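So the chains spell out like this:
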Amino acid sequence: MAVWLIEQPSACGPTPTATWVGSNYTPAYCVNQVQMWHDFRPEVVDRELAAAREYFGINTLRVYLHNINHEAEKDRFLANLDQFLEICQRHNIRPGLTFFDDCHRHDGIELDKPTEPVKGYHNGRWAACPQDRDRKPENLPKLQAYVQDVIRAHARDPRVLWWEVFNEPNMKSEFSVNLRRLGYEWAQQVEPTQPVICCWDDSP
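Analysis parameters
Residues numbered from 1 in each chain as written. Predicted model: local features only at pLDDT ≥ 70, side-chain atom pairs only at ≥ 80, totals over all residues. Heavy atoms only, no water. Core = buried A, V, L, I, M, F, W, Y, C linked by side-chain atoms within 4.5 Å. Buried < 20%, exposed > 50% of the residue type's maximum accessible area, 1.4 Å probe, protein only. Helix = DSSP H or I, 4+ residues; strand = E, 2+ residues; numbered from the N terminus. Contact = heavy atoms within 4.5 Å. Pairing = 2+ DSSP bridges. Right-handed = clockwise from strand over helix to strand, strands pointing away. Salt bridge = Lys/Arg side-chain N within 4 Å of Asp/Glu carboxyl O. Disulfide = S-S within 2.5 Å. Phe/Tyr/Trp six-rings, centres within 6.5 Å; stacked < 30°, edge-to-face > 60°. Lys NZ or Arg CZ within 6 Å of the ring centre and 35° of its normal.

Enquirer: Which residues make up the nonpolar core, and what values do they have?
Expert: Taken as a class, soluble globular proteins show a tendency for nonpolar side chains to be buried jointly. Judged by nonpolar contacts, the single largest core of 45 residues is most densely connected at F84 and F100. Elements with a contribution of two residues or more to this core: helix 1 (33–38), helix 2 (42–56), strand 3 (60–64), helix 3 (67–90), strand 4 (96–101), helix 4 (140–154), strand 5 (162–167) and helix 5 (174–190). Sorting elements by how many residues they give to this core places helix 3 first, with seven residues. If sequence neighbours within four positions are ignored, F84 has contacts with Y25, M36, W37, F40, V45, L49, L61, V63 and P95.

Enquirer: Report on the pairing of strand 4, specifying residues and quantitative values.
Expert: Most of strand 4 is tucked away: six of the six residues are buried. In this structure, strand 3 lies alongside strand 4, joined through three bridges in parallel fashion. Note that in strand 4 the partner of Y64 across the bridge is T98. In this region the chain leaves strand 3, passes through helix 3 and returns to the parallel neighbour strand 4; the handedness of that crossover is right-handed. In terms of strand pairing, strand 4 meets strand 5 through five bridges, oriented parallel.

Enquirer: Now, about the pattern of salt bridges: what can you tell me, with residues and values included?
Expert: Within the structure shown, the criterion is met by 13 salt bridges. A salt bridge links R90 to D46; the nearest nitrogen and oxygen atoms lie 2.7 Å apart. Placement of the pair is R90 in helix 3 and D46 in helix 2, with a sequence separation of 44 residues. Two residues, E71 and K142, come together in a salt bridge whose shortest N-O distance is 3.2 Å. Linking E71 in helix 3 with K142 in helix 4, this pair joins segments that are 71 residues apart in sequence. You can call K142 partly exposed: its relative accessible area is 45%. Bridged by salt links that share partners, the residues K74, D149 and R152 form one connected network.

Enquirer: Requested: an account of the state of the cysteines, with residues and values cited.
Expert: Throughout the structure, instances matching the rule amount to zero disulfides. Of all cysteine sulfurs, the one in C30 lies closest to C88, which takes part in no disulfide; the gap is 14 Å. Using a relative accessible area of 0% as the deciding quantity, one classes C88 as buried. There is no disulfide at C129, and the cysteine sulfur nearest it, in C103, is 12 Å away.

Enquirer: How would you sum up the packing of aromatic side chains? Please name residues and give values.
Expert: Applying the stated criterion across every chain yields a total of ten aromatic pairs. Note on W20 and W162: the rings are 5.9 Å apart at their centroids and 10° apart in plane angle, and the pair reads as stacked. Placement of the pair is W20 in the loop between strand 1 (2–3) and strand 2 (21–24) and W162 in strand 5, with a sequence separation of 142 residues. The exposure class assigned to W20 is buried, which follows from its relative accessible area of 16%. One aromatic cluster is present, formed by Y25, W37, F40, F77 and F84 through successive ring pairs. For R41, the ring lying beneath its charged end belongs to Y29, and the centroid distance is 4.1 Å.

This is the structure:
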């Protein structure tokens, strides 16, 4: 849990963040974000967020998405996301949503197969997004659809606090650097009312 105090520029000036109290969030029963959106359990999420709000004063969350869910079961994924936002709204929590991530497990993540832990490896079941098998130029249209379908559904949704293109991109990876740039462009094309951000301060 952390208090976020970063000033995010916008067309109307900085977005005030001094009152935000937030954390990363994945339900306790999930080992990664793919499982969260595939095996979405609203009653568990509702219980956890109620406690987070009551006991810790949480009013925002950073929540990860994944292209695997979008590609394999788009309608279910989008419906689960909408239900998640409804639960957040019930508890006066406004999340930000993150599309891509270079952290941890780059292969072996499947929708319907349990992800086994890797002995001695930190967060060995967390799913890098996209997986290495999808890091090909010919897959960029699918990744564009993933970003834009999600934002388009909530581009003017006050329940969403921000869109984050990429968590911790590997700056030595040409694909990641390019995807970070393209992801921002794809997001802006939809013209969301929320800020579009990236976690590194070297992002243009």
